[in-house]
Amino acid sequence: MALPSRRLRIPAGAVRRALALPALRGVSLVYGAGFEDRPDLLVAQERDRPVIGNRPEMVVRVKDPLAFAAPLADLGIPHPEVSLSLPNGEGWLVKRAGASGGC
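Here goes a summary of the coordinates provided. Computed from a predicted model, the values in this text were never measured in an experiment. (Residues numbered from 1 in each chain as written. Predicted model: local features only at pLDDT ≥ 70, side-chain atom pairs only at ≥ 80, totals over all residues. Heavy atoms only, no water.)

1. Observations regarding the overall build of the protein
At step 1: The secondary structure content of the protein amounts to four helices and two strands.
At step 2: When the helices and strands of the protein are placed in sequence order, the string is α-β-α-β-α-α.
At step 3: Taken over 103 residues, the protein has a buried fraction of 23%.
At step 4: Restricting the contact set of the protein to residue pairs at least 6 apart, pairs at least 24 apart contribute 32%. (Helix = DSSP H or I, 4+ residues; strand = E, 2+ residues; numbered from the N terminus. Buried < 20%, exposed > 50% of the residue type's maximum accessible area, 1.4 Å probe, protein only. Contact = heavy atoms within 4.5 Å.)

Spelled out as structure tokens, the structure:
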């Protein structure tokens, strides 16, 4: 089954419909890229099948830039500076919170 995609993003409804096909009910879901900013889809899939990977709550925690950086700072682990607004100057990687890509 081909899923529609715009800008490398598959609509949540299309994912839900595909995974609801009778042949896929109860089949384990091993997820990867594309779910990192949609933990709601992981929660929905856990109702019908085993989901292999991090729990949705953990995905939310590690995809929150401030929540992820704070324990690193507390433990003295080097990490890039994090800002929720674009600072003046160049050299910043700009990302949408919860996503994995950047520009």
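Still more to cover.
2. Considering the environment of arginine 47
At step 1: Of note, arginine 47 is situated in the loop between helix H2 (39-46) and strand E2 (51-52).
At step 2: Note: C-alpha distance between arginine 47 and glycine 26 (21 residues apart in sequence) is 9.4 Å.

3. Brief notes about the packing of H2 against helix H3 (residues 56-63)
At step 1: In contact at an axis separation of 9 Å, H2 and H3 are set at 170 degrees when each is read in the N-to-C sense. With respect to H3, the axis of H2 lies roughly antiparallel. Taking contact as the criterion, the partners of Pro39, Leu42, Val43 and Glu46 in H2 are, on H3, Pro56, Val59 and Val60.
At step 2: Considering only residue class, the contact of H2 with H3 consists of six nonpolar, no polar and one charged. (Axes fitted to C-alpha atoms, helices over the stretch in contact; angles between N-to-C directions. Parallel < 35°, antiparallel > 145°, perpendicular 65-115°, else oblique. Nonpolar A, V, L, I, M, F, W, Y, C, P; charged D, E, K, R; others polar.)

Shape descriptors only; they carry no functional weight alone.
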